[in-house]
Structures are given as structure tokens and as C-alpha cells.
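Understanding the architecture of this molecule
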Amino acid sequence: MSKRIAVLLGGLSPEREVSLVSGKAVADGLREKGHDVVEIDAGRDLHNQLVEADPDIVFNALHGEWGEDGMVQGVLEHFGKPYTHSGVLASALAMNKQMAKDVLRAAGIPCPEGMLVNRFEAAKTHAMKPPYVAKPNAQGSSVGVHIVLEGANRPPAGLAAETDDLGDEVLVERYVPGRELTVAVMEDRALAVTEIIPNTTFYDYEAKYAAGGSDHILPAKIPAEVEKLAMEMALKAHKTLECRGLTRCDFRYDESAEHPLWLLEINTQPGMTPTSLAPEQAQYCGIAFPDLVDWMAENASCRR
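Residues numbered from 1 in each chain as written. Predicted model: local features only at pLDDT ≥ 70, side-chain atom pairs only at ≥ 80, totals over all residues. Heavy atoms only, no water.

Next up on the list: the confidence of the model for the protein chain. The predicted model of the protein chain averages 89 in pLDDT, with 90% of residues at 70 or higher. Across residues 202-210 the pLDDT falls below 50, and counting only partners more than four positions away or on other chains, this stretch makes 31 contacts in the model. (pLDDT = per-residue confidence, 0-100. Contact = heavy atoms within 4.5 Å.)

Turning our eyes to something else, we now look at the side chain of threonine 268. Of note, threonine 268 is situated in the loop between β13 (261-267) and α10 (277-284). Given the relative accessible area of 2%, threonine 268 is considered buried. Excluding residues that lie within four positions of it along the chain, threonine 268 makes contacts with Glu68, His85, Ser86, Ala90, Ser91, Ala94, Cys243, Leu246 and Thr247. (Helix = DSSP H or I, 4+ residues; strand = E, 2+ residues; numbered from the N terminus. Buried < 20%, exposed > 50% of the residue type's maximum accessible area, 1.4 Å probe, protein only.)

Let us now look at the sheet that holds strand β5 (residues 132-136). What holds strands together in a sheet is hydrogen bonding between their backbones, with the strands either parallel or antiparallel. Across the sheet, 4 strands lie side by side as β4-β7-β5-β6; this open sheet has antiparallel pairing. Two strands close off the open sheet at either side, each with one partner strand: β4 (114-118) and β6 (146-148). Between one strand axis and the next, the sheet turns by 25 degrees as a mean value, whatever way the strands run. (Pairing = 2+ DSSP bridges. Axes fitted to C-alpha atoms, helices over the stretch in contact; angles between N-to-C directions.)

Right, let's talk about the packing of aromatic side chains for a bit. Summed over all chains, the structure comprises 0 aromatic pairs. The ring centre of tryptophan 262 lies 4.7 Å from the NZ or CZ of arginine 174, which sits over that ring. (Phe/Tyr/Trp six-rings, centres within 6.5 Å; stacked < 30°, edge-to-face > 60°. Lys NZ or Arg CZ within 6 Å of the ring centre and 35° of its normal.)

A few words on the nonpolar core. Core analysis: the largest hydrophobic core is formed by 28 residues, its most contacted members being Leu181, Leu241, Phe251, Leu261 and Leu263. Looking at this core, the elements with two or more residues in it are α4 (88-95), α5 (97-106), β8 (179-186), α9 (224-240), β12 (246-253) and β13. Looking at this core, the element that brings in the most residues is α9, giving 6 residues. Excluding residues within four positions of it along the chain, leucine 263 makes contact with Lys101, Leu104, Ile109, Pro110, Cys111, Pro112, Met233, Ala237, Cys249, Asp250 and Phe251. (Core = buried A, V, L, I, M, F, W, Y, C linked by side-chain atoms within 4.5 Å.)

Let us look at the packing of α4 against α5. Orientation of α4 relative to α5, taken along the N-to-C sense of each, is 105 degrees, at an axis distance of 5 Å. Accordingly, the angle class assigned to the pair α4 and α5 is roughly perpendicular. Here Leu93, Ala94 and Met95 of α4 lie close against α5, whose contacting residues are Lys97, Met99, Ala100 and Val103. In the contact of α4 with α5, the residues fall into 6 nonpolar, no polar and 1 charged. (Parallel < 35°, antiparallel > 145°, perpendicular 65-115°, else oblique. Nonpolar A, V, L, I, M, F, W, Y, C, P; charged D, E, K, R; others polar.)

Turning our attention to the sheet that holds strand β1 (residues 4-9). The strand order β2-β1-β3 describes an open sheet built from 3 strands, whose pairing is parallel. Each edge of the sheet is formed by a strand with only one pairing partner; in this case those strands are β2 (36-41) and β3 (57-60). Shown here is a sheet whose adjacent strand axes are inclined to one another by a mean of 25 degrees, direction ignored. Pairing of β1 with β2 involves 6 bridges; the strand directions are parallel. Of the residues in β2, the one forming a bridge with valine 7 is glutamate 39. This element, helix α2 (residues 46-53), spans β1, β2 and β3 of the sheet and lies at about 160 degrees to β2.

What follows is the structure in C-alpha cells.
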């Protein structure tokens, strides 16, 4: 049945450009399924924008701060129409990487140990013995991520030079060596395991979104028991944080370690760009992109 669907895209975060691409792809897919789609470049007057558009459903294709951190979800709850992805609490919790990992560890999901540090202090002296990773505690898409390798004499000076919109608090956590794996979850179903082989130094912003930035091996060439564990952990993380709709969990797989699989983070609004991992896994499972976004719209609700 055709619905009027408002697709939120763009927005105010450092991930605006990615969201514009995601939102355009989503809008095209929904139109292909016969829906009446209006694209909204979300601003601080979002509630008024939504009232003017008067949609039946809101598809949230925003990324980063003021998009997937609970703030826009609060506006959508107030608006009162069904919307996609996770609700206020799950979105806010997942976006706060350190707090999310505290909750996930309590549920028995292994996550690298870390601490929150002021970025100016983190730029002066090592907050922990290298190797470690320093990244904004509330950003996505690998924005502002620094890997400090073993033997580094000092932290990266770039930590103190980050722009103010990335925040003054960084998460410093133990670096886990190994292979990069990811698993998408559709509500109560883990889809597949992809291995990501970046063609840059690590799986950074360019590797995620530039054409040819990384190679995706789907299905990942890993032992069956590791594949099963990764899918179980992703689904458990999704349910532990009470996420809804589509999510994606990122892992490190260290074949040489006694405990080889570590959850790095959960993304409550995975990218929907042409190079994005979750749509690729859905396609692998026989779910074409227009069918995926149509399912996400049908899965929408209020009070999520």
C-alpha cells in the first residue's frame, strides 16, 4: 500500500554528506516501491518541516550527532508519526560508545576496555600504553579516529586540533589487532558476516564511503563457529540495547588470541549508500534494496 514518506537526510552533523547520499538512495528505493516520497534536509526547525510535509511515516536517514543520538528521535516522538530505526534511549545509548560498551560487557559481550579522556589531555601524554585507539565518544563513520601504534613516542597532535563539533571528550581504548568483520541485523535476524579489507591505513571515512576504499568479502572466509558467534553477538547486542529496525555491529577477529572476537561498536543507523555494508548483506540474503527500505518503512512505529 502506497504511503507518504518523509525521508530525513543531510542534517547538522559532520556526517552530513554521507547522509545526503544515504537519503537520496533511500528515497529512490521507496519511490520504486510506489510510495509518495518527500525529502527533508533536516534543520533545527525539523518539527515545522514535518508538519508542512504531513507524512504517514518518517524514514530517518540522518547520521551522527543530531540524527542518531536520540535528539531527532525525541522530535519524532513529539511529532507522533511512525519512524524508522531505534528510539530515543537505544539511539542515545549506542551513540555514547563508552556507555554502550559498559552495558554490553554487563550482558557478557566482550568489548575492548577503554576510558574517557579530555582530548587536550589525550594529546599531551598517552592515556594508556600503546597500541590504542582514540576517537570521539559520540561520532560515527570513523570521523576523528586515531590509531596509536606500539612504540609511538607521543599521542597524535591532531587530537587537540579536532574541530569543536567533534566534542572535547575522546574514548581511548585498547587496540585489538586482527581482521575487521561486520554483521547487520534486521529486527530479530542477523543477516551475514562480511570481512572488510580497507585499501587505506585502516577502515576510515574514505575506506567506508569512497569508491574502491575497501574490499568486502561476503561471506567472510572464517571458521563456521566464528561466523555463528559473530551473528549471535550482533543479535544479542541489538536486543540488549533494545534497538529496533536495522543495525550493524563491527568486530575485530584476532585468530591468534584465546578470545578471538571483540565487538567494537553498534551502529543504530547504518549507511545506506551504494558502498554500504548492511544493504549489501541484505542483497546477499535475497533482499533487494527497494525491498529493504520498504521493510524498514513498514517496520516504523512511534514510541520505539
